[in-house]
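Structure assessment
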Amino acid sequence: MRDHGISQRRACRLVGVDPKTVRRERPPDCPEIRKEMQEIAGKRRRFGYRRIGVLLERKGMKMNHKKLYRLYREEGLSVKRRRGRKRARGTRSPMPEAAYPNARWSLDFLADSFGPSRKFRILAVIDDCSRENLCLIADTSISGARVARELDALVRIYGKPGCIVSDRAIGTPLVRETMARGTEFTSRAILRWADQNAIPWHYIDPGKPQQNAFIESFNGSMRDELLNEEIFDTLDDARRKLALWRYDYNTVRPHSSLGNKTPAEARRTLEQFEGSAPGALAKTETDGYQNQTRRLSS
């Protein structure tokens, strides 16, 4: 192009090449300003780009309003208008991709019944990258404090996640039974736990379960393969069957999204390249898996 003096678009058209294949992506400009904007938005969650710009000017980072607004939008820091009652908002930074094990965990509740229509709830936690089910906790009542204790146990085993994703209103619609919605994931105990452990907690938008697609897919598989197939006599019977199904799901059942590997195999393969999860006390091996299943399901 330099020798013949023609534009990149025309040169690509002459040789039959899509311009997108030859144009490299430029790295984000102004990385220092972007980092400072993220820090300000994390501390002052209701500040828009104008107020953030004022704080940046105080630190010697001056720019016109058009550039400020462009950087603000590219970083995904737009403040959403609050509607209705006060709710926990979660972190303001964009949700990271699940590119490696422990990059992102997803949480949700399911519900079923045992005995004479006695209802119970199931807390499900999965790793979005490896699709591994980290725990299935069944009980007649699961409070926010109980969820925090179970997360502490998972952090000791697998290490600290990069972020956690959940919805705000708990209690997914049921096929067999209905159950009241709760606020376990927005309780003071959960907010305190996330703050003390410095783990970003992302809440999906109301009415958009596709934003938490991995846990919704897992819920559908568990309900189709276990909850709709089994009748639970007691809570202990439900816990036993959940533990057996979890072991089969993680170590035997092939997953098409993982190239027909199991989640345990996928985690081991990824950890060979990325290294072990920081702070984890146990590796995901088949022999130790049964002990983890019994401990987390009790």
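Predicted model only: the values in this text are computed from it and were never measured.

**Description of unusual backbone geometry**
For Ala198, which is not a glycine, the phi torsion comes out positive at approximately 55 degrees. Within the secondary structure layout, Ala198 lies in the loop between helix 6 (188-197) and strand 5 (201-203). In this structure Ala198 comes out as exposed when scored by relative accessible area, which is 63%. Not every positive phi belongs to a glycine, and Asn260 is a case in point at roughly 65 degrees. Checked against the element boundaries, Asn260 lands in the loop between helix 8 (235-251) and helix 9 (263-274).

**Concerning the environment of Ile231**
With respect to the helices and strands, the residue Ile231 is situated in the loop between helix 7 (213-227) and helix 8. By relative accessible area, which is 65% here, Ile231 ends up exposed. A sequence separation of 10 residues divides Ile231 from Lys241, and the C-alpha atoms of the two residues are 9.9 Å apart. Not counting the four nearest positions on each side in its chain, Ile231 is found in contact with Asp237 and Lys241.

**Here's the deal with the sheet that holds strand 3 (residues 133-139)**
Working definition: the strands of a sheet are paired by backbone hydrogen bonds and lie parallel or antiparallel to each other. Spatially, 3-2-1-4-5 is the arrangement adopted by the five strands of the open sheet, whose pairing is mixed. The open sheet has two edge strands, strand 3 and strand 5, and neither has a second partner. In this sheet, neighbouring strand axes are inclined to one another by 25 degrees on average, regardless of whether the strands run parallel or antiparallel. In this structure, strand 4 (residues 164-166) lies alongside strand 5, joined through three bridges in parallel fashion. The partner of Ser166 across the bridge, within strand 5, is Tyr203. Strand contacts of helix 6: strand 4 and strand 5, with the helix running at about 135 degrees to strand 5, the strand carrying the most contacts. Sitting on the sheet, helix 8 touches strand 1 (105-114), strand 2 (118-127) and strand 3, and the angle it makes with strand 3 is about 170 degrees.

**Describing the packing of helix 2 (residues 31-43) against helix 4 (residues 65-74)**
At a minimum axis distance of 10 Å, the contact between helix 2 and helix 4 shows a crossing angle of 65 degrees. By the angle between their axes, helix 2 is roughly perpendicular relative to helix 4. Classified by chirality, the crossing of helix 4 by helix 2 is right-handed. Touching Ile33, Arg34 and Met37 of helix 2 are Leu68, Arg70, Leu71, Tyr72 and Glu74, all from helix 4. Here the contact of helix 2 with helix 4 is built from residues that sort into five nonpolar, no polar and three charged.

**Topic: helix 6**
Along helix 6, the residues that are buried comprise Ile190, Trp193, Ala194 and Asn197. Taken down its axis, helix 6 places every buried residue within 95 degrees of arc, on the same side. Looking at helix 6, the residues exposed on the side facing more than 90 degrees away from the buried face are Arg188, Asp195 and Gln196. Its buried side turned inward, helix 6 meets helix 5 (144-158), strand 4 and strand 5.

**What about the pattern of salt bridges?**
Two side chains carrying opposite charge are able to pair once their charged atoms lie near each other. Counted according to the given criterion, the structure contains 19 salt bridges. A salt bridge links Lys59 to Glu36; the nearest nitrogen and oxygen atoms lie 2.2 Å apart. Of this pair, Lys59 sits in the loop between helix 3 (49-58) and helix 4 while Glu36 sits in helix 2; the two residues are 23 residues apart in sequence, bridging distant segments of the chain. Glu36 sits in the buried class, given a relative accessible area of 14%. For Lys241, the salt bridge is made with Glu230, and the minimal N-O distance between the two is 3.3 Å. With a gap of 11 residues between them, Lys241 in helix 8 and Glu230 in the loop between helix 7 and helix 8 connect regions that are remote in the sequence. On the basis of relative accessibility, which here comes to 16%, the residue Lys241 falls in the buried class. On the accessibility criterion, Glu230 (29% relative accessible area) is partly exposed.

Reading guide: rules and limits
- Residues numbered from 1 in each chain as written.
- Predicted model: local features only at pLDDT ≥ 70, side-chain atom pairs only at ≥ 80, totals over all residues.
- Heavy atoms only, no water.
- Helix = DSSP H or I, 4+ residues; strand = E, 2+ residues; numbered from the N terminus.
- Buried < 20%, exposed > 50% of the residue type's maximum accessible area, 1.4 Å probe, protein only.
- Contact = heavy atoms within 4.5 Å.
- Pairing = 2+ DSSP bridges.
- Axes fitted to C-alpha atoms, helices over the stretch in contact; angles between N-to-C directions.
- Parallel < 35°, antiparallel > 145°, perpendicular 65-115°, else oblique.
- Left-handed = near helix turned anticlockwise from the far one by under 90°.
- Nonpolar A, V, L, I, M, F, W, Y, C, P; charged D, E, K, R; others polar.
- Arc of directions from axis to C-beta.
- Salt bridge = Lys/Arg side-chain N within 4 Å of Asp/Glu carboxyl O.

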